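If you want the building blocks of each chain, they are given just below.
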Amino acid sequence: MTALSVRQIRSRYLTLYGLRWLPRGLLIPVMILLMQERGLTLSQIGLVATAQGLVVLALELPTGGFADALGRKPVLLVAWALGLGSLALMAVADTFWMFFLVWALQGIYRALDSGPLESWYVDATLAVDPKAEYERGLGWAGTVVGVAIGAGALLSGGLVALGPVGPVSALAVPVLVAAVLQAVSIVALLALMAERRPASGPAALRASVVDAPRMVGQAVGLLRRNRVLAALVAVELFWGFGMVTFESLLPVRLAEVIGDPDRAAALLGPASSAAWLANAAGAALTPWLLRRLGAAPAAALMRVLQGVTVVGMGLLAGPVGILVAYLACYAVHGASNPLHMGLLHRQVDGPYRTSVLSLNSMAGQPAGALGAVTLTALADATSVSVAMLVGAVVLAVAAPLYLPAWRVARRTPSTGTVEPEGAGGPGHSGLVAEPTGPPLDPADPVVVPAPTGRD
């Protein structure tokens, strides 16, 4: 690994990151429609989705500790192989329980996949240059994921438009192509990810299983001791809750304004692709924001701006205004993620970096569930606009939680990065979540309630 330069490590990371998300983009336009085509009702699809959430919640922390103890590459190999298996099963699934198994496998895949690639990139970069500003790579990763998902969604639409291929229905074709791309990503992982592991073989596997709880305990202990890290993880609670506004309520709001759910769905197809490209553009602004404002002030500003964009989605009268606010929201989201994750990375010691990544990801899971229950109930009781305004406020009020990181940065001569509290110096730290922040995987089947008809 030491033979690689910082630039080479970044290039390999971005290549693997793009390959990891391209299959997800292919699934976004067809997932719910495919399950409906195979006979599942919307309520059954909602129950199927719980399999993934429950598995992720149960395994997120243990698998993070496992990756830290055994090594990131073997855990990613297992994760991506399970992802390939779930896609193969998805292509042929035709019953509720088969799809339930698909999403349970997806849950294991996501739990194993959450953090190791980003942890490898940061640790490999710091091993070459302890003063390296890896935030640049995290920002470019946001751009890569936006382009990959947007391109995958467009490719998926084109494949469906071509119609069925022999006995394979048009909606199943993108799933098969996603499986092929998943296999390609596994080959690329074997070729590109160079990692020095403490040991290998059965003995190392047994030792890592025993050591994983200690890694998790150290990560939790760091969270208790480090108020900067605790505040940053707390941001994820507000973020996960507020994301429901643009992940789930936006389609309802658009259908309400247009007055035709089918037309709204037709608009959301290309709008979703455009949103991920806007996400990529926002992520590309990360280096500029770091230079102009510094990481913590820029991250706080993004929280407020995202709240403002959600206010626009909730209050603007026409579909054009709503979609413009939607694109702006994703652009801000793309800029927010690398800023937030860079600050987290600066607070975590390398040996249990992935465990803390899992803690951050876990914070978003219950917050997103609470937001989905609370805001959809509020939309039914009042209006979609009121629910979106409440979500916007929740997103914005997280901004002061960046103050501890900002205060530490002011005491640390740097370019906007933060020295860990209680650590030996800069460059010993870390945390990263899903690109859409994400708490929520863009390909997760989200069941949106029917428009209430209220203004």
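Residues numbered from 1 in each chain as written. Predicted model: local features only at pLDDT ≥ 70, side-chain atom pairs only at ≥ 80, totals over all residues. Heavy atoms only, no water.

### Topic: the overall build of the chain
Then, number 1: A count of helical and extended segments in the chain gives 18 helices and zero strands.
Then, number 2: In the chain, which comprises 455 residues, the proportion classed as buried is 56%.
Then, number 3: In the chain, the share of contacts with a sequence separation of at least 24, taken over all contacts with a separation of at least 6, comes to 86%.
Then, number 4: For the chain, the exposed surface amounts to about 17,000 Å²; the carbon and sulfur share of it is 69%. (Helix = DSSP H or I, 4+ residues; strand = E, 2+ residues; numbered from the N terminus. Buried < 20%, exposed > 50% of the residue type's maximum accessible area, 1.4 Å probe, protein only. Contact = heavy atoms within 4.5 Å. Areas by Shrake-Rupley, 256 points an atom, 1.4 Å probe, with all protein chains shown as cover.)

### Observations regarding the pattern of salt bridges
Then, number 1: Counted under the stated rule, the structure contains three salt bridges.
Then, number 2: Residues Arg-20 and Asp-113 are paired through a salt bridge, measuring 2.8 Å at the closest nitrogen-oxygen approach. Residue Arg-20 is found in helix H1 (residues 6-27), and its partner Asp-113 is found in helix H5 (residues 96-113); the two are separated by 93 residues along the sequence.
Then, number 3: Accessibility expressed as a relative area gives 7% for Asp-113, which makes it buried.
Then, number 4: Between Arg-253 and Glu-256 there is a salt bridge, and its shortest N-O distance comes to 3.1 Å. Taken as a pair, Arg-253 and Glu-256 lie in helix H11 (residues 244-258) at a separation of three residues, close to a single helical turn. (Salt bridge = Lys/Arg side-chain N within 4 Å of Asp/Glu carboxyl O.)

### Regarding the nonpolar core
Then, number 1: One finds Tyr-13 and Met-313 to be the most contacted residues of the largest nonpolar core, which totals 89 residues.
Then, number 2: Broken down by element, the residue count for this core peaks at twelve residues, all from helix H15 (residues 319-345).
Then, number 3: Those residues within four positions of Met-313 in sequence are excluded, and the remaining contacts are Phe-246, Leu-250, Arg-253, Ile-322, Ala-325, Tyr-326, Cys-329 and Met-388.
Then, number 4: Leu-27, Met-31, Met-35 and Leu-40 belong to the second largest nonpolar core, which has 30 residues in total. (Core = buried A, V, L, I, M, F, W, Y, C linked by side-chain atoms within 4.5 Å.)

### Things to note about the side chain of Glu-256
Then, number 1: Residue class for Glu-256 comes out buried when judged on its relative accessible area of 16%.
Then, number 2: Reaching out from Glu-256, the side chain makes a polar contact with the side chain of Arg-253 at a distance of 3.1 Å. (Polar contact = N/O pair within 3.5 Å; in protein donor to acceptor, adjacent residues only side chain to side chain.)

### Some remarks on the packing of aromatic side chains
Then, number 1: Inspection of every chain in the model, using the stated rule, returns eight aromatic pairs.
Then, number 2: Residues Phe-246 and Tyr-330 carry aromatic rings whose centres are separated by 5.6 Å and whose planes lie at 80° to one another, so their mutual orientation is edge-to-face. Of this pair, Phe-246 sits in helix H11 while Tyr-330 is found in helix H15, placing the two residues 84 residues apart along the sequence. Exposure class is identical for Phe-246 and Tyr-330. Each is buried.
Then, number 3: Ring-pair connections join several aromatic residues into one group, and the members of that group are Phe-246, Trp-276, Tyr-326 and Tyr-330.
Then, number 4: Positioned over the ring face of Trp-21 is Arg-20, at 3.9 Å from the centre of the ring.
Then, number 5: The aromatic ring of Trp-239 is capped on one face by Arg-303, whose charged end is 4.2 Å from the ring centroid. (Phe/Tyr/Trp six-rings, centres within 6.5 Å; stacked < 30°, edge-to-face > 60°. Lys NZ or Arg CZ within 6 Å of the ring centre and 35° of its normal.)

### Some words on helix H18 (residues 403-411)
Then, number 1: Along H18, the residues that are buried comprise Pro-404, Ala-405, Val-408 and Ala-409. An end-on view of H18 places all buried positions within 135° of arc, on one side of the element. Residues Arg-410 and Arg-411 are exposed on H18 and point more than 90 degrees away from its buried face.
Then, number 2: Tucked into the core, H18 has its buried residues touching helix H10 (227-242), helix H14 (295-315) and H15. (Arc of directions from axis to C-beta.)

### Points about the packing of helix H7 (residues 135-162) against H15
Then, number 1: Contact pair H7 / H15: the axes reach a minimum separation of 9 Å and the direction vectors enclose 145°. Helix-helix and strand crossings are classified by hand; for H7 and H15 the assignment is right-handed. Residues Glu-135, Leu-138 and Gly-139 of H7 pack against Pro-338, Met-341, Gly-342 and His-345 of H15.
Then, number 2: When the residues that make up the contact of H7 with H15 are grouped by side-chain class, the tally is three nonpolar, three polar and one charged. (Axes fitted to C-alpha atoms, helices over the stretch in contact; angles between N-to-C directions. Left-handed = near helix turned anticlockwise from the far one by under 90°. Nonpolar A, V, L, I, M, F, W, Y, C, P; charged D, E, K, R; others polar.)

### Here we look at the confidence of the model for the chain
Then, number 1: The pLDDT averaged across the chain works out to 78; a share of 78% of its residues lies at or above 70.
Then, number 2: Segment residues 414-455 is flagged for pLDDT under 50; beyond a separation of four residues in sequence, or across chains, it makes 150 contacts in the model. (pLDDT = per-residue confidence, 0-100.)

### Here we look at the environment of Ser-185
Then, number 1: Along the polypeptide, Ser-185 turns up in helix H8 (residues 173-192).
Then, number 2: Residues Ser-185 and Arg-20, 165 residues apart in the sequence, show an inter-C-alpha distance of 6.5 Å.

### Some points on H7
Then, number 1: Helix length check: H7, at 28 residues, gives a terminal C-alpha distance of 41 Å against a target of 40 Å (1.5 Å per residue), a fit within 8%.
Then, number 2: Trailing H7 by a residue or two, Gly-163 shows a phi angle of about 90°, which is positive. (Expected span 1.5 Å × (residues − 1).)

### Let's talk about the packing of H10 against H18
Then, number 1: In contact at an axis separation of 8 Å, H10 and H18 are set at 140° when each is read in the N-to-C sense. Taken together, the axis directions place H10 and H18 in an arrangement best described as oblique. Residue-level inspection shows Arg-227, Val-228 and Ala-231 of H10 in contact with H18, the latter providing Pro-404, Ala-405 and Val-408.
Then, number 2: Classifying every residue of the contact of H10 with H18 gives five nonpolar, no polar and one charged. (Parallel < 35°, antiparallel > 145°, perpendicular 65-115°, else oblique.)

### Overview of the environment of Ile-322
Then, number 1: Tracing the sequence through the fold places Ile-322 in helix H15.
Then, number 2: Along the sequence, Ile-322 and Leu-250 sit 72 residues apart, while their C-alpha atoms lie 8.6 Å from each other.
Then, number 3: When neighbours within four sequence positions are excluded, Ile-322 is seen to be in contact with Leu-250, Arg-253, Leu-254, Val-257, Met-313 and Leu-316.

### A look at a nonpolar patch on the surface
Then, number 1: On the surface, a cluster of nonpolar side chains totalling about 220 Å² of accessible area is made up of Leu-293, Leu-301 and Leu-305.
Then, number 2: Positionally, Leu-293 belongs in the loop between helix H13 (286-292) and H14. (Patch = residues over 30% accessible without salt bridge, like charges linked within 9 Å, V, L, I, M, F, W, Y side chains within 5 Å.)

### Some details on the side chain of Thr-125
Then, number 1: Turning to its location among the elements, Thr-125 is positioned in helix H6 (residues 116-128).
Then, number 2: Within the structure, the side chain of Thr-125 is placed 2.7 Å from the backbone oxygen of Tyr-121, a separation counted as a polar contact.
Then, number 3: For Thr-125, the residues in contact, after removing those within four places along its chain, are Val-6, Ile-9, Ala-132 and Tyr-134.

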